[in-house]
Amino acid sequence: GAVVSQHPSWVICKSGTSVKIECRSLDFQATTMFWYRQFPKQSLMLMATSNEGSKATYEQGVEKDKFLINHASLTLSTLTVTSAHPEDSSFYICSARDPGAGVGETQYFGPGTRLLVL
Amino acid sequence: AQSVTQPDIHITVSEGASLELRCNYSYGATPYLFWYVQSPGQGLQLLLKYFSGDTLVQGIKGFEAEFKRSQSSFNLRKPSVHWSDAAEYFCAVGGLSGNTPLVFGKGTRLSVIA
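Rules of the game
- Residues numbered from 1 in each chain as written.
- Chains lettered and ligands numbered in written order.
- Predicted model: local features only at pLDDT ≥ 70, side-chain atom pairs only at ≥ 80, totals over all residues.
- Heavy atoms only, no water.
- Pairing = 2+ DSSP bridges.
- Helix = DSSP H or I, 4+ residues; strand = E, 2+ residues; numbered from the N terminus.
- Axes fitted to C-alpha atoms, helices over the stretch in contact; angles between N-to-C directions.
- Contact = heavy atoms within 4.5 Å.
- Polar contact = N/O pair within 3.5 Å; in protein donor to acceptor, adjacent residues only side chain to side chain.
- Core = buried A, V, L, I, M, F, W, Y, C linked by side-chain atoms within 4.5 Å.
- Buried < 20%, exposed > 50% of the residue type's maximum accessible area, 1.4 Å probe, protein only.
- Phe/Tyr/Trp six-rings, centres within 6.5 Å; stacked < 30°, edge-to-face > 60°.

1. Some words on the sheet that holds strand β8 (residues 76-81) of chain A
Residue and element names in this part refer to chain A.
Inference 1: Pairing within the open sheet is antiparallel, and its four strands lie in the order β1-β3-β8-β7. Strand pairing shows two members of the sheet lacking a second neighbour, β1 (4-7) and β7 (67-73), which therefore form its edges. The sheet shows a mean angle of 15 degrees between the axes of neighbouring strands, taken without regard to direction.
Inference 2: Pairing of β1 with strand β3 (residues 19-25), which is carried by four bridges, proceeds in the antiparallel orientation.

2. A word on the pairing of strand β12 (residues 108-113) of chain B
All names here are of chain B.
Inference 1: One ladder, built from five bridges, connects strand β2 (residues 10-14) with β12; its direction is parallel. Note that in β12 the partner of V13 across the bridge is V112.
Inference 2: Two strands pair when backbone bridges link them, and strand β10 (residues 87-94) and β12 are joined in this way by three bridges, in the antiparallel orientation. Across the sheet, residue E88 finds its bridge partner in β12, namely R109.

3. Side note on the environment of T17(A)
Residues and elements named next belong to chain A.
Inference 1: Locating T17 in the fold gives a position in the loop between β2 (10-13) and β3.
Inference 2: Taking the C-alpha atoms as reference points, T17 and S83, 66 residues apart in sequence, are found 4.9 Å from one another.
Inference 3: Once you skip the residues sitting within four places of it in the chain, T17 turns out to touch V81, T82, S83 and A84.
Inference 4: Within polar-contact distance, the side chain of T17 engages the backbone oxygen of K14 at 2.7 Å.

4. A look at the nonpolar core
Inference 1: Residues L19(B), W35(B), L47(B), L48(B), F74(B), L76(B) and Y89(B) are the most contacted members of the largest nonpolar core, which totals 27 residues.
Inference 2: Of all elements in the fold, only β2, β3 (19-21), β5 (32-38), β6 (44-50), β8 (64-68), β9 (73-78), β10 and β12 of chain B reach the threshold of two or more residues within this core.
Inference 3: Ranked by the residues each element gives to this core, the list is headed by β10(B), at four residues.
Inference 4: Judged by nonpolar contacts, the second largest core, of 25 residues, contains C23(A), F28(A), L79(A) and Y92(A).

5. Remarks on the side chain of S90(A)
All names here are of chain A.
Inference 1: Looking at where S90 falls in the secondary structure, it is placed in strand β9 (residues 90-97).
Inference 2: S90 gets classed as buried once you look at its relative accessible area, which sits at 5%.
Inference 3: Setting aside chain neighbours within four positions, we find S90 in contact with R37, Q38, F39, T113, R114 and L115.

6. Thoughts on the environment of M47(A)
Residue and element names in this part refer to chain A.
Inference 1: Within the secondary structure layout, M47 lies in strand β5 (residues 44-51).
Inference 2: Residues M47 and F67 lie 20 residues apart in sequence; the distance between their C-alpha atoms is 8.8 Å.
Inference 3: Setting aside residues no more than four positions away along its own chain, M47 makes contact with W35, Y36, R37, T57, Y58, E59, V62, F67 and Y92.

7. Examining unusual backbone geometry
All names here are of chain A.
Inference 1: H7 connects to P8 through a cis peptide bond whose omega is 0 degrees.
Inference 2: Structurally, P8 is set in the loop between β1 and β2.
Inference 3: Within the chain, S83 stands out as a residue other than glycine whose phi angle is a positive 45 degrees.
Inference 4: Note that S83 resides in the loop between β8 and β9.

8. A short note on the packing of aromatic side chains
Inference 1: Across all of its chains, the model carries 15 aromatic pairs over all chains by this definition.
Inference 2: Ring centres of F109(A) and Y36(B) lie 5.0 Å apart, and the angle between their planes is 75 degrees; on these two criteria the pair is classed as edge-to-face. One end of the pair, F109(A), is in strand β10 (residues 107-109); the other, Y36(B), is in strand β5, on a second chain.
Inference 3: A residue is classified by how much of its surface remains accessible, and F109(A), at 11% relative accessible area, is buried.
Inference 4: Measuring from ring centre to ring centre gives 5.9 Å for F34(B) and F51(B), while their planes differ by 75 degrees; the resulting arrangement is edge-to-face. Taken together, the residues span a long stretch of sequence, with F34(B) in strand β5 and F51(B) in the loop between β6 and β7 (56-58) at a distance of 17 residues.

Below, the structure is given as structure tokens:
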């Protein structure tokens, strides 16, 4: 199946700094990518939909100025957590849909990035 | 609104016993249904998916799921559980549009005892 990678897999940063997380589709072009956030022992919550060449669509309650999303190419979307605070510590997961996979919503998930803000 | 309900937060089964994880969904159109598994600290792995056709879907690792439209359910089953199946299982629903994200249930944590 298709592969989605994320980098870094984990990051520790000081409060007030910014952190960039990359999501790449390795063997297909993804016009749409999704960013999810998962708190410990909880489900995935959609943060935003990233569309190549246009602005991301954020879910209600997600601060677009804090979570900057850039989908500059068909294989790369980035999520930047600006001025990170301890409450931003979480597991961030991206997914990408392979439009060449045929019928339906075949989404492939990255392995996730664990962010710890001290 | 779209929603997925997984009624069981935590299930414990003995190794070798059968397993059924429940999933109910609410969706305004024809749903595409998925089951994912997540090991601790890991990403999601797709177990199986239903789009159309045969309502009994076979997946990886010996899992299967049955779509029952009348009950709005998509329960996951495995006839004989292995200790390595211990993980978090998520049911998800999505739509036909390429811009439709998946909606996940809260997950069911499976523990396997000897």
